[in-house]
Amino acid sequence: MVKVEMSSRVRHLPPYLFAEIDRLKQEELKKGVDIIDLSIGDPDIPTSSHIVESLRKAAGNSRNHRYPSYEGLLSFRQAVADWYRKRFGVGLDAGSEVLSLIGSKEGIGHIPLAFVEGGDVVLYSSPGYPVYPVGTMFAGAEGHPMPLFEKNGFLPDFSAIPADILKRAKLMFINYPNNPTSASAGKDFFSQVVEFANRHNIIVCHDAAYSEIYYDGKRPASFLEAPGAKEVGIEFHSLSKTYNMTGWRLGFAVGHRDVIAGLGKVKSNLDSGVFQAVQEAGITALETGDDVLSGIRDTYQQRRDALYEGLKGIGLHAIKPEATFYLWTKCPEGFDSRGFARHILEKSGVLATPGVGFGAPGEGYIRFALTVDVKRIKEAVERIRKAI
Ligand SMILES: *Cc1c(COP(=O)(O)O)cnc(C)c1O
């Protein structure tokens with residue numbers, strides 16, 4: 001019998017803050033409660049049939065049954081470059097400035113291995129995607145959270161970063177449109193980021209997973225639209241949210257060629273790329289007409305309006321999102337985020353995510369995801385009304 005001991009990097013993982021909510025959910029389910037789950041950022045809408053059909057065809061091609069190329073099919077990377085030019089007016093060289101990923105989470109988790117080590121600092125926005133600090137810790141570097149506050153429009157305040165931290169900072173994660181706060185950032189902010197990165201020699205990793213889930217026709221900008229952005233960093237992107245393809249595991253990174261090369265080097269030593277049939281379906285997805293995408297956006301907009309108006313109507317302060325499918329909502333007086341999540345789960349069977357689970361600056365908020373239909377959203381609001 002071997003004595004199994006976890007490495008310190010696994011022992012040092014932050015406690016699983018959703019464990020308590022998970023346990024309570026299981027208890028409520030056992031009691032037969034009809035739970036309305038607004039806690040998960042995973043679209044309930046199926047992948048469009050033209051994309052599924054494309055996979056079906058590509059899966060039958062024996063050329064796709066062998067190991068894929070590490071950096072991704074050139075045709076997929078070219079489709080990404082074409083999409084960037086069309087969508088953002090940004091030019092990319094498919095051969096050196098685009099890398100396919102097994103979902104963007106994979107790239108985000110691995111990139112610190114390429115550029116930081118003990119003694120280095122990684123800046124990351126908080127509340128935020130938990131992979132930023134975990135990837136940092138796995139690479140042996142020190143994470144420094146940049147808190148996002150409502151009074152700053154949920155943008156980080158670079159002037160608040162201590163000088164000794166800044167001296168050691170080598171990499172930075174930011175994310176707009178933002179999960180969980182739903183805030184968007186404009187080109188002005190991205191230009192500030194470019195200037196800051198140049199001044200302090202920091203590689204920027206911008207996570208743009210939600211750029212296509214937007215409302216009222218206000219299309220979010222790409223970080224790469226800021227002048228000089230391609231000289232300071234990269235953008236992570238994903239087909240998961242845009243095309244309802246979370247299960248397919250397909251994303252990509254674009255931008256600074258040396259940063260792309262560094263991430264590619266780590267990956268070629270760890271994984272063997274994305275199933276080519278999935279990449280071929282990805283090309284089909286990226287060529288999807290705006291009629292399909294605007295239909296998806298309309299669905300989310302109806303849900304957003306129902307939940308935003310509903311929460312407002314019962315006296316809760318929610319941030320009205322211009323993008324993403326989340327409503328970042330203030331907990332009422334007398335509740336912290338875990339307490340409020342527990343309260344509405346036990347009293348109304350509505351499940352939401354406590355903000356503190358995304359980092360300490362998320363305390364005082366709760367996140368609702370728009371991944372159920374309008375009828376269920378209205379029912380959730382009515383139940384919460386009775387519970388508070
Ligand atoms: C969903 C999400 C991703 C994308 O994950 P995939 O691995 O591409 O499915 C990346 N960043 C954030 C903030 C997300 O919420």
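Every chain is numbered independently, its residues counted from 1 as its sequence is written. In view of the model being predicted, local features appear only for residues whose pLDDT reaches at least 70, and side-chain atom pairs are presented and counted only at 80 or more, with totals across whole chains, interfaces and linings using the full set of residues. Side-chain figures throughout are based on the complete set of non-hydrogen atoms in the structure, without hydrogens or water.

Tell me about the domain arrangement of the protein, and please be specific about residues and values.
Taken domain by domain, the protein consists of domain 1 (8-46 + 291-387) and domain 2 (49-286). Domains are outlined according to an automatic or database domain assignment. Between domain 1 and domain 2, the C-alpha centre-to-centre distance is 25 Å. Residue contacts are counted whenever heavy atoms from the two residues lie within 4.5 Å of one another. Of the residues lining the interface, 33 residues belong to domain 1; the matching set on domain 2 comes to 30 residues. Taking both sides of the interface into account, the surface hidden between domain 1 and domain 2 amounts to around 2900 Å²; carbon and sulfur atoms contribute 60%. The three residues of domain 1 that bury the most area against domain 2 are Arg-297, Glu-322 and Thr-324, which together make up 22% of that side's buried surface. For salt bridges, the criterion is a side-chain nitrogen of Lys or Arg within 4 Å of an Asp or Glu carboxyl oxygen. For Glu-322, the salt bridge is made with Lys-218, and the minimal N-O distance between the two is 3.9 Å. Any pair of N or O atoms that falls within 3.5 Å is considered a polar contact. Within protein, one atom must be able to donate a hydrogen and the other to accept it, and sequence-neighbouring residues count only if both atoms are side-chain atoms. Counting across the domain 1 and domain 2 interface gives 13 residue pairs in polar contact (both at pLDDT 80 or more). By buried area we mean how much accessible surface two parts lose on assembly, using a 1.4 Å probe and totalling the loss over both.

Go over the nonpolar core with me, naming the residues and quoting the values.
Each nonpolar core is a collection of buried residues, namely Ala, Val, Leu, Ile, Met, Phe, Trp, Tyr and Cys, held together in the definition by side-chain atoms within 4.5 Å. Working definition: with a 1.4 Å probe on protein chains only, accessible area under 20% of the residue-type maximum means buried, over 50% means exposed, and in between means partly exposed. Grouped together as the largest cluster of nonpolar side chains are 98 residues, with contacts concentrated most on Tyr-84, Leu-123, Met-172 and Phe-368. In this structure, this core is formed jointly by two domains, domain 1 (8-46 + 291-387) and domain 2 (49-286), each of which donates at least three residues. Ignoring sequence-local partners within four residues, the contact set of Phe-368 consists of Leu-38, Leu-307, Leu-311, Phe-325, Tyr-326, Leu-327, Thr-329, Ile-344, Val-350, Ala-352 and Ile-384. Listed in part, the 21 residues of the second largest apolar core include Leu-171, Phe-173, Ile-203 and Leu-263.

Which residues make up helix H4 (residues 74-88), and what are the values?
Helix and strand assignments follow DSSP, with helices taken as H or I runs no shorter than four residues and strands as E runs no shorter than two, numbered in order from the N terminus. Multiply 1.5 Å by the residue count of a helix minus one, and that product is the helix's expected span. Over its 15 residues, H4 runs 21 Å from end to end, which matches the ideal 21 Å to within 8%, given 1.5 Å per residue. Within H4, the full set of buried residues consists of Phe-76, Arg-77, Ala-79, Val-80, Ala-81, Trp-83, Tyr-84, Arg-87 and Phe-88. Looking at the packing, one finds that the buried side of H4 touches strand E2 (98-101), strand E7 (233-238), helix H9 (239-242), strand E8 (251-255) and helix H11 (276-286). Phi turns positive one or two residues past the end of H4, at Gly-89, with a value near 70°.

Please provide a residue-by-residue account of the packing of helix H5 (residues 104-115) against helix H6 (residues 131-138), values included.
Axis definition: a line fitted to C-alpha atoms, over the contacting stretch in the case of helices. Angles run 0 to 180 degrees between N-to-C directions. Direction vectors running N to C along H5 and H6 enclose 35°, while the axes themselves pass 7 Å from each other. Crossing angle aside, the handedness with which H5 passes H6 is right-handed. Listed contacts from H6 to Lys-105, Ile-108, Gly-109, Pro-112 and Leu-113 of H5 are Val-131, Tyr-132, Gly-135, Thr-136 and Phe-138. Note on residue categories: nonpolar means Ala, Val, Leu, Ile, Met, Phe, Trp, Tyr, Cys or Pro, charged means Asp, Glu, Lys or Arg, and polar means any other residue, Gly included. Residue composition of the contact of H5 with H6, grouped by class: six nonpolar, three polar and one charged. Helix crossings fall into two classes, left-handed where the near helix is turned counterclockwise from the far one by less than a right angle and right-handed where it is turned clockwise.

Help me get a handle on helix H12 (residues 290-313), residues and values and all.
Counted at 1.5 Å a residue, the expected span for H12 with its 24 residues is 34 Å, and the 33 Å between its end C-alpha atoms agrees. Buried residues of H12: Leu-293, Ile-296, Arg-297, Tyr-300, Gln-301, Arg-303, Arg-304, Ala-306, Leu-307, Tyr-308, Gly-310 and Leu-311, and no others. For H12, the secondary structure elements touched by its buried residues are H9, strand E9 (326-330), strand E12 (365-369) and helix H14 (374-387). Within two residues after H12, Gly-315 carries a phi angle of roughly 85°, on the positive side.

Before we move on, could you go through the site of the ligand and cite the residues and values that matter?
Residues in close proximity to the ligand total 13 residues, the closest being Asp-207, Ser-238, Ser-240, Lys-241 and Arg-249. Here Lys-241 contributes a side-chain N or O atom positioned 3.3 Å from an oxygen atom of the ligand. For the ligand, the protein covers 94% of the area, taking 390 Å² as the surface of the free molecule. Broken down by secondary-structure element, the contributors of at least two residues to the shell around the ligand are H5 and H9. Across the shell around the ligand, the residue classes tally to three nonpolar, six polar and four charged. Any residue with a heavy atom positioned within 4 Å of a molecule or strand is treated as near that molecule or strand. We get accessible surface area from the Shrake-Rupley algorithm with a probe of 1.4 Å; when it comes to residues, only the shown protein chains can shield them.

Residue-level account of the environment of Ser-294, with values.
Mapped onto the secondary structure, Ser-294 falls in helix H12. Considering only alpha carbons, one finds Ser-294 and Ala-229, 65 residues apart in sequence, at a separation of 28 Å. Of the polar contacts made by the side chain of Ser-294, one reaches the backbone oxygen of Asp-291; its length is 3.2 Å.

Residues and numbers for the side chain of Asn-179, please.
Summarising the element assignment, Asn-179 is placed in the loop between strand E5 (169-175) and helix H8 (187-200). Here Arg-367 takes part through its side chain, which lies 2.8 Å from a polar atom of the side chain of Asn-179.

Report on the packing of helix H3 (residues 49-59) against H11, specifying residues and quantitative values.
Between H3 and H11, the least distance of the axes is 8 Å, while the angle of their chain directions is 145°. For H3 against H11, the interelement crossing comes out right-handed. Contacts from His-50, Ile-51, Ser-54, Leu-55, Ala-58 and Ala-59 of H3 reach H11 at Ala-277, Val-278, Glu-280, Ala-281, Thr-284 and Ala-285. When the residues that make up the contact of H3 with H11 are grouped by side-chain class, the tally is eight nonpolar, three polar and one charged.

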